[in-house]
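# Examining the three-dimensional arrangement
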Amino acid sequence: MAFLTQLPILPIILPMICAPLCLVMPDGRAPYLWASLVSVGTFVLCALLLSTVAESGAISYALGDWAPPLGIEYRIDLANALVLTLVSGVAALTIPFSYESIISEIDKRQTNLFYGAILICMVGLLGVTITADAFNVFVFLEISSLSTYALVALGGGVDRRALTAAFNYLVMGTIGATFFVIGIGLLYQSTGTLNMNDLRVQMAGEANHMIEAGFAFILVGLGLKAALFPMHLWLPNAYAYAPSAVSAFIAAASTKVAVYVLIRFTYTVFGADFAFISNLFDFVLLPLALAGMFIASIVAVFQEDVKRMLAYSSVGQIGYMLLGLSIGTEAGVQAAFIHIFNHGLMKAALFMSVACVMLRLGVHSCAGFHGLISRMPFTAAAFIVAGLSLVGIPLTAGFVSKWYLLQAAFDAGKPALGFLVVASSLIAVIYVGRIIELMVLRPVPTEGPLANPVREAPLSMLIPLWLMTGANLYLGVRTDWTAGLAERAAASLMGGT
Amino acid sequence: MAILQFIVERYNYWIFIILMMIGLYTVIARGNLVKKIIGLNIFQTSVFIYYISIGKIAGGTAPIYVPGDMERRTVHEEDHHGDGYNGKDHVATEETIRAKDHINGQSNDLHHGDALHQGDANELVTATGVAEGASGKVANLNAPALNRDLPANIHAGEANATIGAAPTSDKIANTASFNIKDSDAATGLGGEREPGLGQELAAASEIVANVLYSNPLPHVLILTAIVVGVATTAVGLSLAVRIREAYGTIEEDELETADTIAEFGKPDPDAPARAGAR
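Residues numbered from 1 in each chain as written. Chains lettered and ligands numbered in written order. Predicted model: local features only at pLDDT ≥ 70, side-chain atom pairs only at ≥ 80, totals over all residues. Heavy atoms only, no water.

### Some details on the interface of chain A and chain B
Across the boundary between the two partners, chain A contributes 35 residues, which contact 42 residues of chain B. Regarding the contact of chain A and chain B, the summed buried area is about 3,300 Å², with carbon and sulfur atoms giving 72% of it. Sorting the residues of chain A by area buried against chain B places Arg160, Phe167 and Tyr188 of chain A first, and these three jointly supply 20% of that buried surface. Our enumeration of links across chain A and chain B arrives at zero salt bridges. (Contact = heavy atoms within 4.5 Å. Buried area = accessible area lost by both parts, 1.4 Å probe. Salt bridge = Lys/Arg side-chain N within 4 Å of Asp/Glu carboxyl O.)

### Focus on the nonpolar core
Residue and element names in this part refer to chain A. The biggest cluster of nonpolar side chains holds 224 residues, and the ones touching the most others in it are Phe135, Phe249, Ile263, Phe265, Phe270, Phe337 and Phe369. Element by element, the count of residues in this core is highest for helix α15 (residues 330-361), at 20 residues. Dropping the residues within four chain positions of it, Phe249 is found in contact with Val87, Val90, Ala91, Thr94, Ile118, Cys121, Met122, Leu125 and Ser254. (Core = buried A, V, L, I, M, F, W, Y, C linked by side-chain atoms within 4.5 Å. Buried < 20%, exposed > 50% of the residue type's maximum accessible area, 1.4 Å probe, protein only. Helix = DSSP H or I, 4+ residues; strand = E, 2+ residues; numbered from the N terminus.)

### Let's talk about the packing of helix α14 (residues 306-327) of chain A against helix α19 (residues 415-440) of chain A
Residues and elements named next belong to chain A. At a minimum axis separation of 12 Å, α14 and α19 run at an interaxial angle of 165 degrees. Regarding the angle of α14 to α19, the classification is roughly antiparallel. Relative to α19, the crossing made by α14 is left-handed. Contact residues: Val306, Met309, Ser313, Gln317, Tyr320, Leu323 and Ile327 in α14; Leu417, Val421, Ser424, Ser425, Tyr431, Arg434 and Ile435 in α19. Tallied by class, residues from the contact of α14 with α19 come to nine nonpolar, four polar and one charged. (Axes fitted to C-alpha atoms, helices over the stretch in contact; angles between N-to-C directions. Parallel < 35°, antiparallel > 145°, perpendicular 65-115°, else oblique. Left-handed = near helix turned anticlockwise from the far one by under 90°. Nonpolar A, V, L, I, M, F, W, Y, C, P; charged D, E, K, R; others polar.)

### Notes on the packing of aromatic side chains
Applying the stated rule across the entire model yields 22 aromatic pairs over all chains. Geometrically, the ring pair formed by Phe179 of chain A and Phe43 of chain B is tilted, given 5.8 Å between the ring centres and 50 degrees between the ring planes. Separated into two different chains, Phe179 of chain A in helix α8 (residues 161-191) and Phe43 of chain B in helix α3 (residues 33-55) make up a pair that spans both. In this structure Phe179 of chain A comes out as buried when scored by relative accessible area, which is 15%. Taking 6.0 Å as the distance between ring centres and 90 degrees as the angle between the ring planes, the aromatic pair formed by Phe410 of chain A and Phe419 of chain A counts as edge-to-face. A residue is classified by how much of its surface remains accessible, and Phe410 of chain A, at 41% relative accessible area, is partly exposed. Given the relative accessible area of 58%, Phe419 of chain A is considered exposed. (Phe/Tyr/Trp six-rings, centres within 6.5 Å; stacked < 30°, edge-to-face > 60°.)

### Quick look at helix α21 (residues 479-494) of chain A
Because an α-helix completes one turn every 3.6 residues, residues spaced three or four positions apart along the sequence face the same direction. Residues and elements named next belong to chain A. Between the first and last C-alpha of α21 there are 22 Å, a value that for 16 residues agrees with the 22 Å anticipated at 1.5 Å per step. Those residues of α21 that fall on the buried side of the exposure criterion are Thr482, Ala483, Leu485, Ala486, Ala489, Ala490 and Leu493. Down the axis of α21, the buried side of the element spans an arc of 165 degrees, and every buried residue falls inside it. Residues of α21 that are buried in the fold lie against α4 (29-56), α5 (78-105), α12 (244-270), α15, α18 (397-411) and α20 (459-477). (Expected span 1.5 Å × (residues − 1). Arc of directions from axis to C-beta.)

### A short note on unusual backbone geometry
All names here are of chain A. Here the bond from Pro68 into Pro69 is cis, since omega is 5 degrees, no more than 30 degrees from zero. Looking at where Pro69 falls in the secondary structure, it is placed in the loop between β1 (59-62) and β2 (73-76). One non-glycine residue, Ala227, lies in the positive phi region at around 60 degrees. Considering the arrangement of structural elements, one finds Ala227 in the loop between α10 (209-226) and α11 (235-241). Under the relative-accessibility criterion, Ala227 is labelled buried at 0%. One non-glycine residue, Leu395, lies in the positive phi region at around 75 degrees. By the element assignment, Leu395 lies in the loop between α17 (377-391) and α18. Residue class for Leu395 comes out exposed when judged on its relative accessible area of 57%.

### With respect to the confidence of the model for chain B
All names here are of chain B. In this model, chain B carries an average pLDDT of 62, and 44% of its residues clear a pLDDT of 70 or more. Contacts for the low-pLDDT stretch residues 76-195, under 50 throughout, to residues beyond four places or in other chains number 177 contacts. Note that pLDDT drops below 50 for residues 274-278; the model gives that stretch 19 contacts with residues more than four away or on any other chain. For this predicted complex, the interface confidence reaches an ipTM of 0.89, while the overall pTM sits at 0.79. (pLDDT = per-residue confidence, 0-100.)

### A closer look at the confidence of the model for chain A
Averaged over every residue, the pLDDT of chain A is 90; the share at 70 or more is 99%. Per-residue pLDDT, averaged within each element of chain A, yields its smallest value for helix α1 (residues 2-5) of chain A (74) and its largest for helix α7 (residues 134-153) of chain A (94).

### Section: the environment of His339 of chain A
All names here are of chain A. Of note, His339 is situated in helix α15. Judged by its relative accessible area of 4%, His339 falls in the buried class. For the pair formed by His339 and Pro26, sequence separation is 313 residues and the distance between their alpha carbons is 40 Å. In this view, His339 contacts Gln317, Tyr320, Met321, Gly344, Met346 and Ser401; residues no more than four positions away in its chain are not counted.

### Here's the deal with the environment of Ala30 of chain A
Following the sequence through the fold, Ala30 of chain A ends up in helix α4. As a C-alpha pair, Ala30 of chain A and Gly205 of chain A span 175 residues in sequence and 56 Å in three-dimensional space.

### Regarding the packing of α8 of chain A against α10 of chain A
All names here are of chain A. Two elements in contact, α8 and α10, have axes separated by 7 Å at closest approach and are oriented at 155 degrees. Classified by the angle their axes make, α8 and α10 are roughly antiparallel. In terms of crossing hand, the pair formed by α8 and α10 is left-handed.

### As for the state of the cysteines
Residues and elements named next belong to chain A. Following the criterion strictly, the structure yields zero disulfides over all chains and no others. Here Cys18 is not cross-linked by a disulfide; its sulfur's nearest cysteine counterpart is in Cys22, at 8.2 Å. You can see Cys121 has no disulfide; the closest cysteine sulfur is in Cys22, sitting 14 Å from it. (Disulfide = S-S within 2.5 Å.)

### Things to note about α17 of chain A
All names here are of chain A. Between its first and last C-alpha, α17 extends 21 Å over 15 residues, near the 21 Å set by a 1.5 Å rise per residue. Counting buried positions along α17 gives 11 out of 15 residues, so the element sits mostly inside the fold. Buried within α17 we find Thr379, Ala380, Ala382, Phe383, Ile384, Val385, Ala386, Gly387, Ser389, Leu390 and Val391. On its buried side, α17 packs onto α14, α15, α16 (372-375), α18, α19 and α20. Backbone geometry just after α17 places Gly392 at a positive phi near 105 degrees.

This is the structure in structure tokens:
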């Protein structure tokens, strides 16, 4: 039982201790196997946490046995257990996936650094999700961000633009984090506490400008981290030039975690009873979400680089999540959570299949996808399935999230939003359909460097890729699992416990 | 004039805001990557100043534990709550009395000094005086320390006098312990040093009787944030080094031109929007 009582801390402690060990290992397979083992172990721990929370309700864990609100509290309810499972699950598939892809894309001497950094990045993201202490969120946010800057910069070996992308990401990410800290400082100054639940208690009924300013700073800070539409400029280059396996991980996990924190702050810390929040939703978040959905999706249509196209699509998809949030009903938050989870799965699968193409053909531009279905059938099929999921075709996970989003919009008496969701999905049809057309209908190039015959991607990549794709299909059919959990998560968040 | 007063009273926030804006402006307006990092640093430092200034309490001392202060607070609480007595305090009280007896044997006249009569009979007054020639090393006079042989092992130049209402018996426990670092004085505490000590104790007791600490938490938070800031600067500067190795420049506009030429072979007017840097 001692194990179970300490369970909440284990997903953080285990990879945090294990990550530096990668640095002392020799190059080659050892750090890869070690990191894979650790990530799978972390996933098992997070799944255990999720099942415990689903059965017996939220867990509160006092770090170092210092009772909250004075001590740091880890609080796991369904909402963050779901995100924890997503993050660790994506890591548990992308790290085993990454071996071949990484040795082809980065300097061999840097591979052990890569595995150390990606584990630390995972720790940061898990820590942001698990903690109930507002300042702790900042610390973990920066742990994950700093390792992400390094991970993105590792792509500099193939394309030097990764370096400038990482630098821009660093500047914007640091500004975002600092805004977040200012927001926390304002809240701390007006309440004297950092524990999220205690903040809520202290702030109840006290709507003053200081708290409003605090929320504004937090919103901007997290908006930068989450690539909320006008603050997304760091994202396309970072995703496009990072090593392919890194793109798969951060695209699936990092922005989702920032959106989760935003939802957490909105409901657990502030609560919907603050009048300014609903105004903010209607006049700031909703227009930005809609603008992101349309503008970023339209920009995605015109991208020549598939990774960059997927990156712009990510910005658009963040719009759906924030749309769900800004509807402001329980169904809306539920839809946001479902989409956080499902979008993580589909983006991971899409970026993983691009990584396979990158490994065999050495490019991630559209040119590499010509006739791919006959050259690398499994990779191409995975891309098609995940792409359809991104569009929201029935029987895929994407359909589930769009469906709940539509339902939330119509239930809230905002049918116009529903139509806009459908309309922007049609843009997704264009940009995904364009790549599918290249893969299925175009002939294989007959001249140039891309004409050389290629083999299918190795099994070490295909198996994680298809596990991820399978998850998209499975959760597209078993809708009760995600939807049920997300519904309870939204209920517990909105219930204000 | 009211506006002027409004501004002057909140000068720390104005410093914070001005620094913050300087930092942000530098990040946005400068094309040189190192200058951007410097701007980022100014921006982050302004937030450190903000945090530290919200932790400051007017008249408060640095949040470093003053010996005996906690005992005073404990007794305060027990006065308020009546039955808030527990075993731990009992031990502490006993130790205090033991220490008193121990020291009384060596310096009888010390606890008849002025300091001891200033405190209310129901209030525990802790006096800390720094003996002459002391180096300032602090020894906390809590229970474990008292267990040991007091005059022999305390090297910090401090004297601690305590008067309090012992929660168990309403009996006043007088404790005086003092220490002299000078090696020549270690053997004897009497004689010529006594008058000076008494005066210092009197002065110190007034200060310590109302110890007011600044809030330590923002300092701790900002220590963490400083570590994060240093790490960010290190990563940013090393990225700048790598960029210079790869491009031969760290000027943002030249980097964009280089990328555009590499991709299209000629300068492209759309470059800034596409590169996403601006």
